[in-house]
Amino acid sequence: MSNESLFIREWGEIHKSEKNNQDKIDNIDKIELNSNAFKELEKFAESDNKENRFLKFKKSDVLKVQNFVGVITTKDGTQIEILPKISEENDADKSRETLTKMLKVVHKLPFIQTTEADLQLKNQPLPEVLIAWFLGCVDKIIKQGIRRDYLRIEGYEKFLKGQLQTHKQLNEPPHKQHLFHIEYDVLSPNRPENRLIHSALLQVLKWSKYFDNQKRAKHFLNFLADVPISQNIKNDFDTWSNGRDMNYYKDVLPWLKLILNQQSPFTLKDKNAGISFLLPMEVLFERYVAKILAKDLPSEWILSEQKPQKSLACFTNEENPKGKGVFKMKPDIVISDKLKETIYILDTKWKLIDEKQTYESGNIDHKKGIQQSDMYQLFAYGKKYDVPKVILIYPQWAKFENEFSFKLDEGLDLCVKPFALDNDKMTNFKALITTL
């Protein structure tokens, strides 16, 4: 059983190792895997699910990671972190720090506040960070007290307690009349929520290679010594209590689904030996930018994600003389007023563009790496939503730090803005919204 932890950046290469082991290479864009782990990943590259295919073949013995981030765990225990490409620098720690920060905002998991212990995890692999956050939620529950419930117990005892089961007692022969069939209630921590937590703690104890995480998991298991593990995970999730007295348990629920059921929205469908989850980086970036910008928006304005939706065209025939809307348009971010009148359309793209890009001849490339299809898309948004300006947002990096503009049509401008992930700032956003 392998216990290797590797990391690679999106668009990086995974090579099959001839030495039948895995090697860490001093390059964030390349790793080597043993033949068994590589063969398992080949299945994902061969998948018919093209939309969610996170690996593609570059050669028969080389896989290329697509624009997905997260963690993959193979059956032999090999963990591979896929980190975002935020620069051309070979800095895994910075990429991991950026990813975890974005997950705190977007993934809606109940991340704990940054603590000294949390800061010590900065250079740990992402699975260890996730495990630490899960343990933080369990810690809160332990400190507030493990919830107990009354359980009905049936016994055959020498003493009377609770309620006598008369129908059973009357059928006892004379030589057993000194024993009583009884029922009574006992206050017990054996309830679905605690069984799931117990099971999850045992699972992360197997996964974790970080001493502090192992120590905390063992410590919490002592508090659940009287709680059995879950024998039916699905049923225990179905019977999870949402009562007000269980409010302090709700933060741990998404973690339990990720660890025990692999039900995270971005999780791999296959059961693996450890935490596995993936999400498209372009979706994460889009949602992250929307959450951050919404914080700076005045209360009289509304920021919506992929709403309102309009049709690009109308299909007409004899049955539909007035036309039926087709080709729905779903802008990433829409800023509107309280009357739901659209003011600005914003679209995010996860790509490192170069504001000083040149052709091979040395002449300036005024397209700056922007796809023509993206320009068509923003032009259609501007016309259909009847706004004076559309905004295209890319991540800021060393070669893109200043915004620039295009004139799309009379009365329609396109502004291309950098969004800085290190300080969550977009150039001139406050100036933009003050002119609304």
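Residues numbered from 1 in each chain as written. Predicted model: local features only at pLDDT ≥ 70, side-chain atom pairs only at ≥ 80, totals over all residues. Heavy atoms only, no water.

Some thoughts on the nonpolar core
Piece 1. If you look at the biggest cluster of nonpolar residues, it comprises 73 residues, and the most contacted ones within it are Phe134, Leu201 and Phe419.
Piece 2. Looking at this core, the element that brings in the most residues is helix α4 (residues 126-144), giving 11 residues.
Piece 3. Setting aside residues no more than four positions away along its own chain, leucine 201 makes contact with Phe134, Leu135, Val138, Ala217, Phe220, Leu221 and Leu224.
Piece 4. Grouped together as the second largest cluster of nonpolar side chains are 20 residues, Ala380, Leu392, Phe400 and Val416 included. (Core = buried A, V, L, I, M, F, W, Y, C linked by side-chain atoms within 4.5 Å. Buried < 20%, exposed > 50% of the residue type's maximum accessible area, 1.4 Å probe, protein only. Helix = DSSP H or I, 4+ residues; strand = E, 2+ residues; numbered from the N terminus. Contact = heavy atoms within 4.5 Å.)

Some details on the packing of α4 against helix α7 (residues 211-223)
Piece 1. Where α4 contacts α7, the two axes come as close as 10 Å, and the packing angle between them is 30°. Looking at the two axes, α4 sits roughly parallel to α7. Viewed along their axes, α4 and α7 form a crossing whose handedness is left-handed. Of the residues in α7, those touching α4 at Glu128, Ile131, Ala132, Leu135, Gly136, Val138, Asp139 and Ile142 are Asn213, Arg216, Ala217, Phe220 and Phe223. (Axes fitted to C-alpha atoms, helices over the stretch in contact; angles between N-to-C directions. Parallel < 35°, antiparallel > 145°, perpendicular 65-115°, else oblique. Left-handed = near helix turned anticlockwise from the far one by under 90°.)

Some thoughts on the environment of cysteine 314
Piece 1. Residue placement: cysteine 314 occurs in strand β13 (residues 310-315).
Piece 2. Judged by relative accessible area, which is 53%, cysteine 314 ranks as exposed.
Piece 3. As a C-alpha pair, cysteine 314 and phenylalanine 327 span 13 residues in sequence and 8.5 Å in three-dimensional space.
Piece 4. Not counting chain neighbours up to four residues away, the residues in contact with cysteine 314 comprise Gly323, Lys324, Gly325 and Val326.

Here we look at the sheet that holds strand β1 (residues 5-9)
In any sheet, the strands associate via hydrogen bonds between backbone groups, in a parallel or an antiparallel arrangement.
Piece 1. Pairing within the open sheet is mixed, and its 4 strands lie in the order β1-β7-β6-β11. Since the sheet does not close on itself, it has two edges, and those belong to β1 and β11 (277-280), each with one partner. Strand-to-strand twist in this sheet, taken as the mean axis angle between neighbours without regard to direction, amounts to 15°.
Piece 2. Across 4 bridges, strand β6 (residues 68-73) lies against β11 in antiparallel orientation. If you follow glycine 70 over to β11, its bridge partner there is leucine 278.
Piece 3. In this fold helix α10 (residues 281-296) packs onto β6 and β11, with an angle of close to 70° to the strand it touches most, β11. (Pairing = 2+ DSSP bridges.)

Some points on the sheet that holds strand β2 (residues 13-16)
Piece 1. Judged by pairing direction, the sheet is mixed, and its 4 strands sit side by side in the order β3-β2-β5-β4 without closing on themselves. Looking at which strands have only one partner, the edges of the open sheet turn out to be β3 (30-33) and β4 (55-59). Looking at each pair of strands side by side, their axes are set apart by 30° on average, direction ignored.
Piece 2. Sheet topology note: the β4/strand β5 (residues 62-65) ladder contains 4 bridges and is antiparallel. For lysine 59, the partnering residue across the bridge sits in β5 and is valine 62.
Piece 3. Contacts from helix α1 (residues 35-45) reach β2, β3, β4 and β5, with the element oriented near 115° to β4.

What about the packing of helix α2 (residues 92-106) against α4?
Piece 1. Where α2 meets α4, the closest approach of the two axes is 11 Å, and the angle between their N-to-C directions is 35°. In this structure, the crossing between α2 and α4 has a hand that is right-handed. Counting all contacts with α2, which are made through Arg96, Leu99, Thr100 and Lys104, the residues of α4 involved are Leu126, Val129 and Trp133.
Piece 2. Among the residues making up the contact of α2 with α4, the classes are represented as 4 nonpolar, 1 polar and 2 charged. (Nonpolar A, V, L, I, M, F, W, Y, C, P; charged D, E, K, R; others polar.)

Observations regarding the side chain of threonine 74
Piece 1. On the secondary structure map, threonine 74 appears in the loop between β6 and β7 (79-83).
Piece 2. A distance of 2.5 Å separates polar atoms of two side chains, one belonging to threonine 74 and the other to aspartate 76. (Polar contact = N/O pair within 3.5 Å; in protein donor to acceptor, adjacent residues only side chain to side chain.)

Thoughts on the environment of aspartate 226
Piece 1. Relative to the helices and strands, aspartate 226 is located in the loop between α7 and α8 (233-238).
Piece 2. By relative accessible area, which is 62% here, aspartate 226 ends up exposed.
Piece 3. Measuring from C-alpha to C-alpha, the distance between aspartate 226 and arginine 195 comes to 9.9 Å, with 31 residues separating the pair along the chain.

Things to note about the environment of phenylalanine 419
Piece 1. Within the secondary structure layout, phenylalanine 419 lies in strand β19 (residues 412-420).
Piece 2. According to the relative accessible area criterion, phenylalanine 419 is buried, its value standing at 0%.
Piece 3. Spatially, the C-alpha atom of phenylalanine 419 lies 10.0 Å from that of phenylalanine 429, the residues being 10 residues apart in sequence.

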